[in-house]
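Fold and geometry: a report
One letter stands for each residue in the lines below.
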Amino acid sequence: MEARTAIRALTFTWGERQVLKRMGSIEGLENIPASGPFVLAPNHSSYFDHYVVEFLVNAVRGNPTWFLTKAESFERPLSRVWTEAWYGIPVDRDRPSPTTIREVQRVLSHGHCLCVYPEGTRGDGVELLPFKAGAFRFALSAGVPVVPLGMVGTSSVLPRGARRLRNTQVHVAFGRPLEQATEGTKQARSEQLAISSREAIEELIGRAAANASGARDTELAARGAALVDALITDGFDTAGRLAAGRLAAGTRRRLTYLTALYRRTAPDHPDLNAQRVRLLGLSALEAPLPLKLGYAMQVRRGAEHVLTSVPTHKDAHYLMGRWHLGSPGLLGGSTSAAIQHFQASDASSPEGDTRAVAALGDALAAAGRDAEAGEAYRRVLAETPEDHARAAGRIMRATEYLDRAKELVA
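Small disclaimer: the values here were computed from a predicted structure and weren't measured.

Remarks on the overall build of the protein chain
What the protein chain contains, in helices and strands, is 16 helices and seven strands. Once the C-alpha set of the protein chain is aligned to its principal axes, its extents read approximately 75 × 45 × 45 Å. Among the 410 residues that make up the protein chain, the fraction classed as buried is 49%. Within the protein chain, residue pairs in contact and separated by at least 24 positions form 68% of the contacts whose partners lie at least 6 positions apart. By element, 53% of the accessible surface of the protein chain is carried by carbon and sulfur atoms, the whole surface being about 20,000 Å². Within the protein chain, one finds 50 positive and 44 negative side-chain charges whose respective centroids are separated by 7 Å.

Quick word on the layout of surface pockets
One number sums up the size of the largest pocket: a volume of about 1,400 Å³. Around the largest pocket, the lining comprises 50 residues; the ones closest to its centre are Tyr47, His50, Thr69, Lys70 and Ser73. Put simply, the parts of the chain that give the lining of the largest pocket at least two residues each are helix H2 (48-61), strand S3 (65-70), helix H3 (77-85), strand S4 (88-91), helix H4 (98-109) and helix H5 (137-142). A class-by-class count of the residues in the lining of the largest pocket yields 24 nonpolar, 13 polar and 13 charged.

Quick notes on the sheet that holds strand S1 (residues 23-27)
Taken in spatial order, the seven strands make up an open sheet running S1-S7-S6-S2-S5-S3-S4, and their pairing is mixed. Either end of the sheet is taken by a strand with one partner, and the two such strands are S1 and S4. Within the sheet, the average angular offset between the axes of one strand and its neighbour, ignoring direction, is 25°. Direction of pairing for S3 relative to S4: parallel, over a ladder of four bridges. Paired with Thr69 across the strands is Pro90, a residue of S4. Here helix H7 (residues 186-211) sits on the sheet in contact with S1, strand S2 (38-42), strand S6 (146-152) and strand S7 (170-174), set at roughly 40° to S6.

Here's the deal with the packing of aromatic side chains
Remark: the centre distance and the inter-plane angle together describe each pair of aromatic rings, the angle taken between the planes. In total, this model carries eight aromatic pairs according to the counting rule given. Judged by centre distance (4.7 Å) and plane angle (40°), the ring pair of Tyr377 and Tyr401 falls under tilted. Of this pair, Tyr377 sits in helix H15 (residues 370-383) while Tyr401 sits in helix H16 (residues 391-409), and the two are 24 residues apart along the sequence. Overall, the relative accessible area of 5% leaves Tyr377 in the buried class. Under the relative-accessibility criterion, Tyr401 is labelled buried at 12%. By the ring-pair criterion, three or more aromatic residues cluster together here, those being Phe12, Trp66 and Tyr87. Over the aromatic face of Tyr47 sits the side chain of Arg122, whose NZ or CZ is 4.0 Å from the ring centroid. Over the ring of Tyr318 we find Arg355, and its NZ or CZ is 4.1 Å from the ring centre.

A short note on the side chain of Glu54
Relative to the helices and strands, Glu54 is located in helix H2. Here the side chain of Glu54 touches Thr65 through a polar contact of 3.2 Å, landing on its backbone nitrogen. Those residues in contact with Glu54, other than ones at most four positions away along the chain, are Phe12, Pro64, Thr65, Phe67 and Trp86.

Brief notes about empty space enclosed by the protein
Here the structure, examined in full by the defined rule, presents two cavities of 30 Å³ or more. In this structure, the largest cavity encloses a volume near 50 Å³. Every residue lining the largest cavity is listed: Gly24, Ser25, Ile26, Asp217, Leu220, Ala221, Leu261, Tyr262 and Thr265. At the level of secondary structure, the elements contributing two or more residues to the lining of the largest cavity comprise S1, helix H8 (217-233) and helix H9 (249-265). By residue class, the composition of the lining of the largest cavity is five nonpolar, three polar and one charged.

Rules behind the numbers
Residues numbered from 1 in each chain as written. Predicted model: local features only at pLDDT ≥ 70, side-chain atom pairs only at ≥ 80, totals over all residues. Heavy atoms only, no water. Helix = DSSP H or I, 4+ residues; strand = E, 2+ residues; numbered from the N terminus. Buried < 20%, exposed > 50% of the residue type's maximum accessible area, 1.4 Å probe, protein only. Contact = heavy atoms within 4.5 Å. Areas by Shrake-Rupley, 256 points an atom, 1.4 Å probe, with all protein chains shown as cover. Lys, Arg positive; Asp, Glu negative; His and termini not counted. Charge placed at Lys NZ, Arg CZ, Asp CG, Glu CD. 1 Å grid on protein atoms, 1.4 Å probe; cavity = no way out; pocket = protein on both sides within 12 Å on 5 of 7 lines; lining within 4 Å. Points joined across faces, edges and corners; volume = space filled by probe spheres on them. Nonpolar A, V, L, I, M, F, W, Y, C, P; charged D, E, K, R; others polar. Pairing = 2+ DSSP bridges. Axes fitted to C-alpha atoms, helices over the stretch in contact; angles between N-to-C directions. Phe/Tyr/Trp six-rings, centres within 6.5 Å; stacked < 30°, edge-to-face > 60°. Lys NZ or Arg CZ within 6 Å of the ring centre and 35° of its normal. Polar contact = N/O pair within 3.5 Å; in protein donor to acceptor, adjacent residues only side chain to side chain.

Below, the structure is given as structure tokens:
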């Protein structure tokens, strides 16, 4: 078991580097469920597909992807070790055994992703092979979504029979979960799912190929920044604190890699750069004291760089406000500057986004401007949507401050 764990660690570390070198455009990564079990259905033309799938799904979810793998891959010792390291599950492509079915049920019951190549084996990267309907019975039996994926370029990176990776780019497009019929026999429903999956994957392959031109880099980068923002925010509890076990070093590393991938095609995109700075700030919170200063200066320079290109960028102003509020005066921190940046962030924020307003209340309170702080906190109570993920934390902070203010007056 220890040997397998070591092999997995080495394989994944090496695989991450290879994907980072060769990843091109990414579309639809937000269609991957952030939690819970699902079946991923990609086209298959290269062993490099495994690396791409594992890297991207892990970047979003932080847990392994299991691969249904032809039983022949487990027959020879070296092949078996490699396949097991990649979380392979042996399957007879014509008639899955009870052992395979139990393994699949275990994977899905633990909330993991099961990757099923509907073609059953590697194609030539040009035409899709016939789809096997049986591959979709697992999703139907477990009642989990099926997410289609189209990949372009993996067969050029590692063609059949090749032993070395080539330096060409891979482009991917994830689709929305497929609709599943609720009536009819399981066989009929799995056959229909195979048909709709094939149609979706063909379209996604076309989209991935079209994205290789770079014409949609800005749009895809904006969607990537929104995804990273959501994944970071998910690491906070309702009170706005880092949730236990979330955004630890491994999670920040995954999201940093994901941000770097999107920035490769749009390096100057302000939203992506703001998320990169945000990750640096979170690293600063967890860093030992000698490293905090270095991180802090990177955060300031990064936020200032974003504001140079977009002077009204709400996230960059928010980050600058947090920097000034948390940094000592000796380093240039200033409560008055923090207030100005939070006000600018608030002015650029959409209706219902009270993150900057809550931070403005914190800064005004720190400056001793209690009446203005009370106004900011009352705005938080009045404008924060009740269904907002962070509503409880902001409302709690605002309520506590206003209650203390009443006690002082009394």
